[in-house]
Amino acid sequence: MALFAVLATQDPAGISADEFRTRLPEGFAYTKNLADKGVIKHSWVRVGASGGLLIYDVASHEELLGHLYDNPMSPHLKFEVIPLADPKAFHSTSYQEKNKG
């Protein structure tokens, strides 16, 4: 599985701010469903940033994109996707060892 941090920021294109707020529970319900299934491992509100930080655990980039764009609020959100690596999977001296000699 692959881990991705996703910064989601409100960007209510094509609708008013009032309509965005009215429809926001749809997005929260969608996100909760993914969290209940284990797809979203962590979810935080970004205070003062009008958005959230979510950690997705998925099999591929394609799966992640499917989850992001299946969100009913996705047309009104901006996403920044950051691939993550489990620290246990990272050998901190392998580069140096590979280039010795």
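To be clear, the structure that these remarks concern was listed above.
To keep things clear, this report deals only with the structure shown in the data block. On a predicted model such as this, the values are computed, not experimentally measured, just so you know.

### Some thoughts on helix α1 (residues 17-37)
An α-helical segment advances 3.6 residues per turn. Residues three or four places apart therefore align on the same side.
Right, on to step 1. In a regular helix each residue adds 1.5 Å, so 21 residues correspond to 30 Å; α1 covers 30 Å between its end C-alpha atoms and thus fits that length.
Right, on to step 2. Along its length, α1 reaches its greatest deviation from straightness, about 40 degrees, at Arg23, and the proline Pro25 lies no more than four positions downstream.
Right, on to step 3. Those residues of α1 lying buried are Phe20, Leu24, Gly27, Tyr30, Thr31 and Leu34.
Right, on to step 4. As for α1, its buried residues are in contact with β1 (2-10), β2 (40-46), β3 (51-58), α2 (61-70) and β4 (77-84).
Right, on to step 5. Two residues or fewer after α1 comes Gly38, characterised by a positive phi angle close to 90 degrees.

### Structural notes on the pattern of salt bridges
Right, on to step 1. For the coordinates displayed, the defined rule picks out four salt bridges.
Right, on to step 2. One salt bridge in this structure joins Glu26 and Arg23, with 3.3 Å as the shortest N-O distance. Residue Glu26 and its partner Arg23 are both found in helix α1; the two are separated by three residues, about one turn of the helix.
Right, on to step 3. Its salt-bridge partner being Asp57, residue Lys41 comes within 4.0 Å of it at the nearest N-O pair.

### Focus: the packing of aromatic side chains
Right, on to step 1. Summed over the entire model, instances satisfying the criterion amount to one aromatic pair.
Right, on to step 2. Look at Tyr69 and Phe79: their rings are 5.9 Å apart centre to centre, the planes differ by 85 degrees, and that puts the pair in the edge-to-face class. Of this pair, Tyr69 sits in helix α2 while Phe79 is found in strand β4, placing the two residues ten residues apart along the sequence.

### Here we look at the environment of Leu64
Right, on to step 1. Its place among the elements puts Leu64 in helix α2.
Right, on to step 2. You can call Leu64 buried: its relative accessible area is 2%.
Right, on to step 3. Excluding anything up to four places from it in sequence, Leu64 contacts Phe4, Val6, Tyr56, Val58 and Val81.

What counts and how
Residues numbered from 1 in each chain as written. Predicted model: local features only at pLDDT ≥ 70, side-chain atom pairs only at ≥ 80, totals over all residues. Heavy atoms only, no water. Helix = DSSP H or I, 4+ residues; strand = E, 2+ residues; numbered from the N terminus. Expected span 1.5 Å × (residues − 1). Bend = angle between axes of the 7 residues up to and from the residue. Buried < 20%, exposed > 50% of the residue type's maximum accessible area, 1.4 Å probe, protein only. Contact = heavy atoms within 4.5 Å. Salt bridge = Lys/Arg side-chain N within 4 Å of Asp/Glu carboxyl O. Phe/Tyr/Trp six-rings, centres within 6.5 Å; stacked < 30°, edge-to-face > 60°.

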